[in-house]
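Per-entry structural report
Okay, here's what each chain looks like letter by letter:
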Amino acid sequence: MRDEALIHFHYGARISAGLLIGHNGGASAELISEAAPYLSPKNPGKSVVGFCACHPDAVDDIVAPPPADWQNWRFQQWDAWFGRINGVFLVDLERLRVVQYPLYSCGSQIVRCDLSGLPRRLVAVEDWLEQP
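Below, the structure is looked at part by part. (Residues numbered from 1 in each chain as written. Predicted model: local features only at pLDDT ≥ 70, side-chain atom pairs only at ≥ 80, totals over all residues. Heavy atoms only, no water.)

1. A word on the overall build of the protein
So the rule is basically this: Only DSSP runs of H or I with at least four residues qualify as helices, and only runs of E with at least two residues qualify as strands; both kinds are numbered from the N terminus onward. Only protein chains enter the accessibility calculation, which uses a 1.4 Å probe; a residue whose area is less than 20% of its type maximum is buried, one above 50% is exposed, and one in between is partly exposed. Shrake-Rupley sampling with a 1.4 Å probe provides the accessible areas, and residues are treated as covered by the protein chains on show and by no other component.
On a plain count of helices and strands, the protein comes out with four helices and seven strands. Sequence-ordered secondary structure for the protein, helices as α and strands as β, is β-β-β-α-α-β-α-β-β-β-α. Burial statistics for the protein: of 132 residues in total, 42% are counted as buried. Element-wise, carbon and sulfur atoms account for 50% of the exposed surface of the protein, whose accessible area totals about 7500 Å².

2. Here's the deal with the side chain of His55
Convention followed: Contact between two residues is taken to exist if any of their heavy atoms lie within 4.5 Å; hydrogens are not considered.
Here His55 shows up in the loop between α2 (44-54) and β4 (61-63). Residue contacts for His55: discarding those within four places in its chain leaves Leu31, Glu34 and Ala35.

3. Some words on the nonpolar core
Stated formally: Definition of nonpolar core: a set of buried residues of the types Ala, Val, Leu, Ile, Met, Phe, Trp, Tyr and Cys, connected through side-chain atoms within 4.5 Å.
In terms of nonpolar packing, the biggest core is built from 23 residues, with Ile7, Phe9, Ile21, Ile32, Phe51 and Val91 touching the most fellow members. Contributions of two or more residues to this core are made by β1 (5-11), β3 (18-21), α1 (28-35), α2 and β5 (88-92). Ranked by size, the runner-up nonpolar core spans eleven residues in total, among them Leu20, Trp70, Trp73 and Val88.

4. Looking at the pattern of salt bridges
The criterion, for reference: Here a salt bridge means any side-chain nitrogen of Lys or Arg lying within 4 Å of a carboxyl oxygen belonging to Asp or Glu.
Taken as a whole and assessed by the stated rule, the structure comprises two salt bridges. Where Glu4 meets Arg84, a salt bridge forms, and the shortest distance between an N and an O atom there is 3.2 Å. Taken together, the positions of Glu4 in the segment before β1 and Arg84 in the loop between α3 (75-81) and β5 put the pair 80 residues apart, joining distant regions of the chain. The partly exposed category is assigned to Arg84, whose relative accessible area is 38%. Notably, a salt bridge pairs Asp92 with Arg95, separated by 3.8 Å at the nearest N-O pair.

5. Side note on the environment of Gly117
By the secondary structure assignment, Gly117 is in the loop between β7 (109-111) and α4 (125-130). By relative accessible area, which is 34% here, Gly117 ends up partly exposed. Between the C-alpha atoms of Gly117 and Ala35, which are 82 residues apart in sequence, the distance is 8.3 Å. Every residue in contact with Gly117, bar those within four places of it in the chain, is listed here: Ala36 and Pro37.

6. Overview of the environment of Asp79
In this structure, Asp79 sits in helix α3. Sequence separation between Asp79 and Pro102 is 23 residues, and the spatial gap between their C-alpha atoms is 8.1 Å.

Below, the structure is given as C-alpha coordinates:
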(Lines give C-alpha, C1' and ligand atoms only; values in the text may rest on other atoms or scores of the structure.)
Protein backbone atom coordinates (compact mmCIF):
# COMPACT_ATOMS: atom_id res chain seq x y z
CA MET A 1 0.00 0.00 0.00
CA ARG A 2 1.38 3.40 -0.97
CA ASP A 3 1.91 5.94 1.80
CA GLU A 4 0.13 8.86 0.08
CA ALA A 5 -1.22 12.23 1.20
CA LEU A 6 -2.58 15.35 -0.47
CA ILE A 7 -1.79 18.86 0.79
CA HIS A 8 -3.81 21.98 -0.04
CA PHE A 9 -3.06 25.50 1.23
CA HIS A 10 -5.88 27.97 1.76
CA TYR A 11 -6.47 31.52 2.92
CA GLY A 12 -10.16 32.07 3.55
CA ALA A 13 -12.02 30.71 0.50
CA ARG A 14 -8.94 30.81 -1.76
CA ILE A 15 -7.43 27.33 -2.05
CA SER A 16 -4.38 26.08 -3.89
CA ALA A 17 -3.87 23.18 -6.20
CA GLY A 18 -3.03 20.02 -4.29
CA LEU A 19 0.41 18.57 -3.74
CA LEU A 20 0.44 14.79 -4.06
CA ILE A 21 2.91 13.22 -1.66
CA GLY A 22 3.20 9.74 -3.18
CA HIS A 23 5.67 8.27 -0.71
CA ASN A 24 6.08 9.03 2.98
CA GLY A 25 2.71 10.81 3.22
CA GLY A 26 2.73 9.98 6.92
CA ALA A 27 5.46 12.60 7.31
CA SER A 28 3.25 15.36 5.85
CA ALA A 29 2.98 17.23 9.15
CA GLU A 30 6.77 17.32 9.48
CA LEU A 31 7.17 18.36 5.85
CA ILE A 32 4.69 21.22 6.35
CA SER A 33 6.50 22.34 9.51
CA GLU A 34 9.87 22.32 7.74
CA ALA A 35 8.41 24.27 4.81
CA ALA A 36 6.95 27.05 7.01
CA PRO A 37 9.74 29.57 6.20
CA TYR A 38 9.00 29.05 2.50
CA LEU A 39 5.22 29.57 2.72
CA SER A 40 3.47 32.80 1.79
CA PRO A 41 1.11 33.88 4.61
CA LYS A 42 -1.70 35.15 2.38
CA ASN A 43 -1.06 33.41 -0.92
CA PRO A 44 -1.98 29.72 -1.27
CA GLY A 45 -0.44 29.47 -4.76
CA LYS A 46 2.91 30.86 -3.64
CA SER A 47 2.80 28.47 -0.67
CA VAL A 48 2.64 25.56 -3.12
CA VAL A 49 5.74 26.92 -4.85
CA GLY A 50 7.48 27.42 -1.50
CA PHE A 51 6.67 23.89 -0.36
CA CYS A 52 8.02 22.49 -3.63
CA ALA A 53 11.18 24.60 -3.26
CA CYS A 54 11.71 23.25 0.26
CA HIS A 55 10.91 19.62 -0.61
CA PRO A 56 11.59 19.11 -4.34
CA ASP A 57 11.75 15.32 -4.04
CA ALA A 58 8.65 14.91 -1.86
CA VAL A 59 6.04 16.11 -4.37
CA ASP A 60 5.06 13.54 -6.99
CA ASP A 61 2.32 15.50 -8.74
CA ILE A 62 0.13 18.59 -8.65
CA VAL A 63 -3.66 18.12 -8.77
CA ALA A 64 -6.42 20.64 -9.43
CA PRO A 65 -7.96 22.61 -6.58
CA PRO A 66 -11.26 21.25 -5.25
CA PRO A 67 -14.59 22.73 -6.43
CA ALA A 68 -15.82 26.07 -5.06
CA ASP A 69 -17.99 24.43 -2.37
CA TRP A 70 -14.95 22.82 -0.65
CA GLN A 71 -15.40 24.88 2.54
CA ASN A 72 -18.62 23.01 3.30
CA TRP A 73 -17.11 19.57 2.72
CA ARG A 74 -17.10 16.96 5.44
CA PHE A 75 -15.19 13.71 5.63
CA GLN A 76 -17.21 11.98 2.92
CA GLN A 77 -16.46 14.65 0.31
CA TRP A 78 -12.74 14.78 1.17
CA ASP A 79 -12.63 10.99 1.11
CA ALA A 80 -14.22 11.00 -2.35
CA TRP A 81 -11.71 13.69 -3.44
CA PHE A 82 -8.66 11.80 -2.16
CA GLY A 83 -9.40 8.58 -0.32
CA ARG A 84 -5.88 7.36 0.25
CA ILE A 85 -3.99 6.25 3.32
CA ASN A 86 -3.06 9.60 4.91
CA GLY A 87 -5.88 11.60 3.34
CA VAL A 88 -5.96 15.35 2.85
CA PHE A 89 -4.05 17.98 4.82
CA LEU A 90 -5.53 21.50 4.70
CA VAL A 91 -3.03 24.18 5.69
CA ASP A 92 -5.01 27.20 6.90
CA LEU A 93 -2.69 30.17 6.29
CA GLU A 94 -5.07 32.57 8.02
CA ARG A 95 -5.41 30.64 11.30
CA LEU A 96 -1.97 29.01 11.06
CA ARG A 97 -3.27 25.51 11.67
CA VAL A 98 -3.36 22.24 9.78
CA VAL A 99 -6.41 19.98 9.55
CA GLN A 100 -6.21 16.40 8.32
CA TYR A 101 -8.99 14.27 6.84
CA PRO A 102 -7.38 10.83 7.22
CA LEU A 103 -8.63 7.75 5.38
CA TYR A 104 -9.41 5.76 8.53
CA SER A 105 -11.65 8.29 10.22
CA CYS A 106 -15.09 9.79 9.97
CA GLY A 107 -14.06 13.37 10.64
CA SER A 108 -11.22 15.81 10.70
CA GLN A 109 -8.44 16.30 13.19
CA ILE A 110 -6.11 19.18 13.97
CA VAL A 111 -2.53 18.19 13.21
CA ARG A 112 0.29 19.56 15.32
CA CYS A 113 2.60 21.54 13.05
CA ASP A 114 4.98 24.36 13.78
CA LEU A 115 4.05 27.18 11.42
CA SER A 116 5.82 29.85 13.47
CA GLY A 117 8.49 30.09 10.77
CA LEU A 118 6.06 31.67 8.33
CA PRO A 119 7.58 34.88 6.97
CA ARG A 120 5.84 38.12 7.84
CA ARG A 121 3.68 36.34 10.38
CA LEU A 122 0.48 38.25 10.99
CA VAL A 123 0.21 40.04 14.33
CA ALA A 124 -2.44 42.39 15.62
CA VAL A 125 -1.65 46.06 15.00
CA GLU A 126 -1.91 46.74 18.77
CA ASP A 127 0.77 44.11 19.47
CA TRP A 128 3.05 45.60 16.83
CA LEU A 129 2.67 49.13 18.24
CA GLU A 130 3.57 47.98 21.76
CA GLN A 131 6.87 46.42 20.76
CA PRO A 132 9.99 48.50 21.56
